[in-house]
Structures are given as C-alpha cells and as structure tokens.
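# Working through the structure, step by step
Here is how the chains run, residue by residue.
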Amino acid sequence: MATAICLPDDTVKLIKKVGFVDRHPGLQLDKYLCVPERQEEQKETLQPVCQAKGDNGLLMHLSGRRQAYLSELRANVWTGRTTGPLTLHLARASAMENAGLCLHPIYGFAYLPGSGLKGMARAFAEKVWLPAQPDRLDAWRRIEDVFGWAPNPDRKKQIKNPNHPAETRWPSNDRESPAVEDCAGSIVFHDSWPENWPQLLIDIVNNHHARYYQGNEAPGDWESPIMVSFLAVPPNTKFNFALSKRRYDVPDWLLQLARDWLAGALTHLGAGAKTAAGYGAFELVDEEKPRLPQSDRIAAHEIIIELVTPAFLAGASQNRDDCDLRSATLRGLLRWWWRTMHSSFVNNDVLRGLEAAVWGDTKQGGAVRLTVEAAPSNAPILYDVKDGFRMKPEFKNSHNLQEPSRGSIPGVFYQSYGMADGGRKRWYLPEGTRWKVSLTARPSKYLDQQSLSADIVLRQALSALWLLAQMGGVGSKGRKGFGSVDLVDEPTSCDLRLEEKTLEWCQEEARRFREACGLTASLERIADSSALEKRMDLELLTPWSNSWFVLHQIGFAAQSFAQKYKHKEEKRALGLPRKIHGPRNEPMNTQTLGKHQRPQNLRVPKGDRFASPVHYHLAQAADGRIIIRVTAFPSKHLPNQTESERMLKELLAHLKTELEKNFKNFPGGTASSSRPPAGPRGTVPSQAFRDQGVRGLPDSGQIVQAELLDEKTKKGGWKARHPSSGLSGPISNTNDVPSEKTAGDSVKLVVASANNKEISFRWPTEKELNKPVQPKGKPSPFPPRKGR
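Described in the following lines is the structure provided in the data block.

About the criteria used
- Residues numbered from 1 in each chain as written.
- Predicted model: local features only at pLDDT ≥ 70, side-chain atom pairs only at ≥ 80, totals over all residues.
- Heavy atoms only, no water.
- Phe/Tyr/Trp six-rings, centres within 6.5 Å; stacked < 30°, edge-to-face > 60°.
- Helix = DSSP H or I, 4+ residues; strand = E, 2+ residues; numbered from the N terminus.
- Buried < 20%, exposed > 50% of the residue type's maximum accessible area, 1.4 Å probe, protein only.
- Pairing = 2+ DSSP bridges.
- Axes fitted to C-alpha atoms, helices over the stretch in contact; angles between N-to-C directions.
- Contact = heavy atoms within 4.5 Å.
- Parallel < 35°, antiparallel > 145°, perpendicular 65-115°, else oblique.
- Left-handed = near helix turned anticlockwise from the far one by under 90°.
- Nonpolar A, V, L, I, M, F, W, Y, C, P; charged D, E, K, R; others polar.
- Polar contact = N/O pair within 3.5 Å; in protein donor to acceptor, adjacent residues only side chain to side chain.

This part is about the packing of aromatic side chains. Two aromatic rings are characterised by how far apart their centres lie and by the angle between their planes. Scanning the entire structure with this criterion turns up 28 aromatic pairs. Summarising the aromatic geometry, the rings of phenylalanine 147 and phenylalanine 189 are spaced 5.8 Å apart at their centres and angled 15° between planes, so their arrangement reads as stacked. Taken together, the residues phenylalanine 147 in helix α6 (residues 136-147) and phenylalanine 189 in strand β6 (residues 187-189) connect sequence positions 42 residues apart. As far as the burial class goes, phenylalanine 147 and phenylalanine 189 line up, both buried. Consider the rings of phenylalanine 241 and phenylalanine 282, whose centres lie 5.5 Å apart with planes at 80°: the pair is edge-to-face. In this pair, phenylalanine 241 sits in strand β10 (residues 238-245) while phenylalanine 282 sits in strand β11 (residues 282-284), placing the two residues 41 residues apart along the sequence.

Here is the structure:
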C-alpha cells in the first residue's frame, strides 16, 4: 500500500517498519489509506484501521488522571454499555464516503464528544420530556437553565397553556429583551471515554433497491444489493459518562435532571448515526432502564421473537462472531413486508412517499426506531453437514433424513444451496434462539403535509412484524423456510397484543394509514412488486416436529417440481437466475435461451437476477407439530402476470400433493424438535410443561453444577453429566477447561442447549461466574415462556 502513495522514500521505509497493530487508528484512517475506486470496495481498505489495536495501558493511565479531575469537579459519573454496534461521524470530512468514525484526535480511541451528548440530551428534553409536563413554560425554563439560551428566531416555539389551550406564549418571552444577555448552560457535558480500548469492527449496509429509492423504478426483487462498509464500535463496549456543574451554586436537582435526560436519550433514542436502525443503543450498567414519559409524542412496543427453524445470519465477515440477527437486517425485512400491504393500492411514487413517512429516506430520518437484543445463551453452529454430495452420517441420523433418489440431491441441501458450498461453510443459529425486539415511533408527516401520530406509525411497523412472523424468515435462505420466527412473549402491560392479531387487522391498519395520509380513493391495482392482495397461499399441518426433517421434505417437493421444467423457459416464473439452457449436446437458442441470459420479454431491463417469488415459512402448532405455510407472490415480470399466476398455482398444487404423500410415508417417525411445543395461538408453554419430559431440565444459559466424565468426544474434548436430569453432553469450548481438572470433578458449567434427549455445555467465563443475581425490580429481558 505504501508504494502507491507519493511519499519520500525514507518516509515510506519508516512507515513500513511500523506494523498495523502499532499504528495510530486515527492516522491510519485519515492519512494513510489508499482510497478505493468504488464505495463497495471499502472493506479491504478499512481492515488496517481495525487491526490497529491501540495502547490500552495508555488509556488506563489517561482515564485515571481524568477520573481525578472529575472527582475534583464533583461530577456525576456513570457507566453505559452498548447493546448494539455504535457508529458516529460517518459523514465527516474523509477521503472515503460514509466511512468515518469519531476517534480521539490525539490518542486514537473511539469516544463520544460532549457536544454530541449535549445535543442528544436536549433533543430528548424537548421532544420527549417537555410534552409530558403539565406546566410547559416552567419546564422550558428548566431546559434553558441546563443548556443555556441565546436570542434566535429559529429556536422560538409556541407552547400552549394546558389550562387555556387558546393562549400561547413564547418559551423565552421574558428573556427576549436586549437587556438580557445570552447565558451559558449550567451543566457541563464531558466527553464519554471507553473503559477499555475498543476493538473496531467493519459493518455493512446493503441497499437492495437503489433504483427504486432514486425514483427510477419499482422496489422489485431483481436488483443486486449494493454493499457499503463502514467502521463501528462493537456491542457490549462500556463507556463512562460524566456531567458536572458549571458553578458550585447550581442546584443538585438540576444536575440530576440533566443526567436523566441524557440517560433517557442513550437508552431510548440512541447515540451517533443510524440510530433508527438500532445503532448506538445503550443500557445503564447496574441500573434500570429509564421509563419513557407518558406522552403522545412517542409510542413504544417490546416483544420477544424466537426461531422455529435454523437461521443463517451474518454481518460483514460472515463468521461465528457476527452470526446474529442485526437490527438493520430486521428493519430491512420489515420495510419489505410493509410494502406488500400498500403496493396494490398506490403507484411507485406514492409508495415511496408513504415509505419515507414511516421508515425515512435521504431527506428525513425514519419515524420508527428498532433495536434487537440477543439472549446471552445464543450460540452459533457451523453448518458442516456435507460430505461431498452426501449428508454426513451424524447429521442424517440425528434428524432421520432419508437419502435422495437417483438424479436428485438431499432436500435440505436444495433448500440451503450455497450455505455449505464453494469451500466456505456458513454459521447458523439453531431453533429456539430468541431476541428481544424494541420498536419506538415518533410523529411523522406525509410529504410535509399530512400529520401522522406516533401510534399510527408504530402500528405500521407492528403490522410488518406480524407478516414476517407469519409468512417470512430472517437471514440467508429466509424464503426457503430457514429463519422462520414466532412471536412468543409480550409484556402483560402492553395494550396491543400483537400475537392475537390477524391478517385482516394488518390490512385494516394499512387502509387507516393511507386514509391518514389523505389517500382515501386508493383502488386495488396490479402492483409492480409483491402485493399482499395478490398472494397465493398453501398451509399444511404436518405430523412432524423436527424442523430439519420438514425442510428436507420441502426441498424434495420443490426440487421435483423444478425438474419437471428442466431446460424450459417456464422455469423463469420461479425466479432468476435459473439454468434454462438446453441440453449440452443441443445448440442453444441465442434469442431466448442461454445460461442466465436475460429474458427478452421483461417489461424493464431487470438483468439476470430475480429473487424467488415463493416464501416458505414454518410455524409450530399447539401440540408441537410443525405447520408449513407457502406464500407465493405472482409477478408481472416473471414473465407476465398470467403466466406467473399459472406456474405458481401449479407449484402450490404440486407441493400439496407431494408433501401429503410423505405424511403417509413418514407418519411422525422423525426425531423430535429441541424447541418445546407451542401453547395456544402458537405461543410457547409454561416452564413446567416444557420440562415434563425430563425432570430438572435446565434452561439454556443457566449455570449448573455438573460432573466431568471419563468419556470424551470424537475429537478428544471433555464431556460432562448434569446430575439433576441425568443427561450428558459435550463442552463446546473444551480448550477453556483448566488443565488441572480431572474426570469426576464437580464443576460449574453454562448450559448451551438442552432438550429431553440431549444437553450441551459451555465453560463459563469469569464474568459469568461472578455475575450477580438479577436485582429485584429489574426482570430479565428474556422471561420464562408462558402458556396462554
């Protein structure tokens, strides 16, 4: 890299002597990067910045001096932890577009500037706290006391007298006189430093519909994603926050009020950039999450979702460390399902405006903020199930998967094509993995004209989440049945019980939203993209409870249908790219055939890509059996509406025939699922019901007492036995078991997973062993499952 930069030879030699690890991250980012030709190529360029480790000892020394300084100021100091990635100053002046990060100009570690924290706190005070106060004028003066005041016509706001709504006054009316000088705020917002030097990571944003957002065409599934890489601070990074009085005569309650505002902003609004996509979310260490003031200016909802089928999830590196459900991923999926509710009633331009009112665009921020918090017990698994073109025996036998017939491949391989091919294996999260999803909405406007309440905006996001949980999936192969999710738990105090809603409720909420935007005359039309009203459905209750077995059967049925149209152009209706060339010993028709060649009769030049219009989803019935749902969206581009409807109708009929045939061939003789049977309405049952098969069965993530066994795994790893349940299993991170431990020792282990037949463990970290008992009044974000 150095030879590509115009520097003196002696300077280049000196730089080469300093490895990436020892370089200053800020200098590496700003002064010593080769700028790529395209934004999509930024990942490799940013790698050296992440490799610069920084000097943690220096940070500890500086933090000690800083703490002494803050103690002299009698500052209010507390600690917050990031619950998701954090990025800020993306658009600052840099050689690369949207790839910056706020790094300390002298030392190079990531930090939060005090000026930004002050702005966050003021935004929370004005937008969230102020509307909930009975005396708005007095509340506004408190805001001015904390943040300061200066004459500025742009800062004027009319605040209504709650006792006399017709009367209005300027919040700073008594300070508008020229005799009153500008005043600084009474509270000082200090920079927030990390407790330890954060190891930066590379994150990505994928724009799947660039031409749609540019106003050129519909939000179809034919565009290739445009991946842009940027720097971020990883989750679970601790930052220290500090506020102090500007003068010693400032009352303590004013300092506490400012602290409450900043804490509320960090936990409910987020810090830095991309906060609507869940970035910059914080939790307070050893403190409860601040409650939101009761106000019509903000609406919130929390719900726990759980995987019914395994999910292939990944970030920029696609390895074990980033195999998790990213908030940006879930938000993108919700936008897709949200569009299906409206695309039949409005044209693309109107649809784009409606979408901006809820989810935002380049001109306005999103009115819905979404965060995802993973359960501590979530543990990725390597998808190592292939031995050439055959299934590995242990995988095949554990799920009772049958071998394919001649000329076919295993059904589960057909559905998961690409996840264990090409020499690279993907990681997945197993069924039963859970996340807490938090949605927060604020008022918005459609085209800066029609006002939309926070409640109606929130209901749009919840409707999309309901559709995802009924028809879709998360992660790679989410349309093939992998990554199917279920809504399993909601706070009992929630007025809107999402798991009790129906498809008709979603459609009614969509109609109410269009009316609120002034679109009362919207008529149903043939949409340019997937539309809920034009869908075709199939639902089958299987005799099976193992999700891998069900995916295997779906793969065989879908594969046999595709083989019926081998080398035929009709297969376009299943999505492109498809191998629709003729047999290898026949000449190709260069006009209409050719491998991955674009069909000639597409209405617009969509290229060679078109995602499958068929969505497979797996749900769980009350008795534990799995329900198969297939939702197909006919498209006027595959190759036309009539042909698409004909082929998809034939596909659904074929799936029904083949799967029902297998119901008789395999009547419930499959391996049982590790996920517990569902309760009413697809919810999971109580803990007592879940554990009735094995007495004393522990929860995933629970620390238990276990006994090390003489028996070892095939690779020589430790196995342990759980005395209460009688189950034994491997210790996944066996290398972390101390060398002095011997068979027969009683040890504390973390339960990685457990069901009525098997159990697996993980050696706990020191932090997990020393973790205090959950404080009273602060319930776990992942409470025990409840039967309804």
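The next thing to look at is the sheet that holds strand β13 (residues 368-374). Here 4 strands make up an open sheet; going across it, the order is β13-β18-β12-β21 and the pairing antiparallel. Each of the sheet's edge strands pairs with one partner strand only, and the pair in question is β13 and β21 (485-489). Across the sheet, the axes of successive neighbouring strands diverge by a mean angle of 35°, strand direction being ignored. Pairing analysis gives 4 bridges linking strand β12 (residues 299-307) to β21, with the strands arranged antiparallel. For glutamate 306, the partnering residue across the bridge sits in β21 and is aspartate 486. Lying on the sheet, helix α9 (residues 327-342) is in contact with β13 and β18 (434-441); it crosses β13 at an angle near 130°.

When two helices pack together, you describe them by how their axes are tilted relative to each other and by the distance separating the axes. Two numbers describe how helix α15 (residues 547-564) lies on helix α16 (residues 641-665): the axes approach to 9 Å, and their chain directions differ by 135°. As the angle between them shows, α15 and α16 are arranged oblique. The handedness of the crossing between α15 and α16 comes out as right-handed. Note on element contacts: α16 touches α15 through Met647, Glu650, Leu651, His654, Leu655, Glu658, Leu659 and Asn662, opposite Gln553, Ile554, Ala557, Ala558, Ser560, Phe561 and Lys564. Here the contact of α15 with α16 is composed, by residue class, of 8 nonpolar, 4 polar and 3 charged.

Turning our attention to the environment of tryptophan 435. Within the secondary structure, tryptophan 435 is located in strand β18. C-alpha of tryptophan 435 to C-alpha of asparagine 378: the two residues are 57 residues apart in sequence and 9.0 Å apart in space. A polar side-chain atom of tryptophan 435 sits 2.7 Å from a polar atom in the side chain of aspartate 324.

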